[in-house]
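Each chain is listed here by its residues.
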Amino acid sequence: IVSELLPHVKGPRLLFECATELMEFNRVGSFNMEAKEGSSGSDGPPPAVKAILNKFSSGKEEDKINGYLKMLKVGPDLLKFIPGEKASDLRCWLEAYRYWNQGGLNNVKAMLQLVVQRYLVEQQQDQQQQQGASIIDESEKMELESLTLPELEVTPDIGL
């Protein structure tokens, strides 16, 4: 039932650590993880994630987890230098996932702040241009744009 409702959600959709069939509903701006024509959704990570993981691992199964963690750490920083809206949107998804992956109240707040700053303010500007109406006033918009994202609070790896 969730997969029937997700296509109707407007705005960014962030789905982390869930079934592969649901991961394809991720959407941030022009970036999405929809499966390509003719591929099945049950053959591992979505195509966008597979393509990135291939750049960070040797292709061996045991290296994929290590490559995945490397991607989360350095992916957003590397994508700063790649022009284009899709790369910027992928970077936002990776940054949001990095905050989510570390957990904790401050990281979740930072993740939501990231999405609001990048997409709510932008969407607000588009609506205002089309309709002349404003959802948030100018002082709130300036306050949102001026906020700096907090540093990622890294949760230490603890093993038994």
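The structure this text deals with has already been given above.
Residues numbered from 1 in each chain as written. Predicted model: local features only at pLDDT ≥ 70, side-chain atom pairs only at ≥ 80, totals over all residues. Heavy atoms only, no water.

**Here's the deal with the overall build of the protein chain**
- Of regular secondary structure, the protein chain possesses seven helices and two strands.
- The linear arrangement of helices and strands in the protein chain, starting from the amino end, is α-α-β-β-α-α-α-α-α.
- A burial count over the protein chain gives 29% of its 160 residues as buried.
- Contacts in the protein chain between residues at least 24 apart in sequence constitute 42% of all its contacts with a sequence separation of at least 6.
- Split by element, the accessible area of the protein chain, about 10600 Å² in all, is 55% carbon and sulfur. (Helix = DSSP H or I, 4+ residues; strand = E, 2+ residues; numbered from the N terminus. Buried < 20%, exposed > 50% of the residue type's maximum accessible area, 1.4 Å probe, protein only. Contact = heavy atoms within 4.5 Å. Areas by Shrake-Rupley, 256 points an atom, 1.4 Å probe, with all protein chains shown as cover.)

**A few points about a nonpolar patch on the surface**
- Residues Ile-1, Val-2 and Leu-5 make up a contiguous nonpolar surface patch of about 330 Å² in total accessible area.
- Checked against the element boundaries, Ile-1 lands in the segment before α1 (2-5).
- Since its relative accessible area comes to 76%, Ile-1 is described here as exposed. (Patch = residues over 30% accessible without salt bridge, like charges linked within 9 Å, V, L, I, M, F, W, Y side chains within 5 Å. Salt bridge = Lys/Arg side-chain N within 4 Å of Asp/Glu carboxyl O.)

**Brief notes about the pattern of salt bridges**
- In this structure the tally under the stated criterion is three salt bridges.
- For Arg-91, the salt bridge identified is with Glu-95, shortest N-O distance 3.2 Å. Placement of both Arg-91 and Glu-95 in helix α5 (residues 85-102) is noted, with a separation of four residues, approximately one turn of the helix.
- Overall, Arg-91 belongs to the buried group, its relative accessible area being 18%.
- Here Glu-95 and Arg-118 are joined by a salt bridge, their closest N and O atoms 3.0 Å apart. Remark: Arg-118 occurs in helix α6 (residues 105-131) and Glu-95 occurs in helix α5; sequence separation between them is 23 residues.

**A few points about the nonpolar core**
- Formed by 21 residues in total, the largest nonpolar core has its most connected members in Phe-16, Leu-90, Trp-93 and Leu-94.
- Secondary structure elements with two or more residues in this core: α4 (61-79), α5 and α6.
- With eight residues, the top contributor of residues to this core is α5.
- When residues no more than four places from it in sequence are discounted, the contact partners of Phe-16 are Met-23, Trp-93, Ala-96, Tyr-97, Trp-100 and Met-111. (Core = buried A, V, L, I, M, F, W, Y, C linked by side-chain atoms within 4.5 Å.)

**Re the packing of aromatic side chains**
- Evaluation of the coordinates by the stated rule reveals five aromatic pairs.
- Seen from their ring centres, Phe-16 and Trp-93 are 5.7 Å apart, and the 50° between their planes marks the pair as tilted. Taken together, the positions of Phe-16 in the loop between α1 and α2 (20-23) and Trp-93 in helix α5 put the pair 77 residues apart, joining distant regions of the chain. Both residues of the pair, Phe-16 and Trp-93, count as buried.
- Geometrically, the ring pair formed by Phe-16 and Trp-100 is tilted, given 6.0 Å between the ring centres and 35° between the ring planes. With Phe-16 in the loop between α1 and α2 and Trp-100 in helix α5, the pair connects residues that are 84 residues apart, well separated along the chain. (Phe/Tyr/Trp six-rings, centres within 6.5 Å; stacked < 30°, edge-to-face > 60°.)

**Considerations on α5**
- The first and last C-alpha atoms of α5 sit 26 Å apart over 18 residues, in line with the 26 Å expected at 1.5 Å per residue.
- With 13 of 18 residues buried, α5 is to be regarded as a mostly interior element.
- Looking one or two places after α5, you find Gly-103, whose phi comes out positive at around 70°. (Expected span 1.5 Å × (residues − 1).)

Don't take any of this as a statement about function, it's just geometry.
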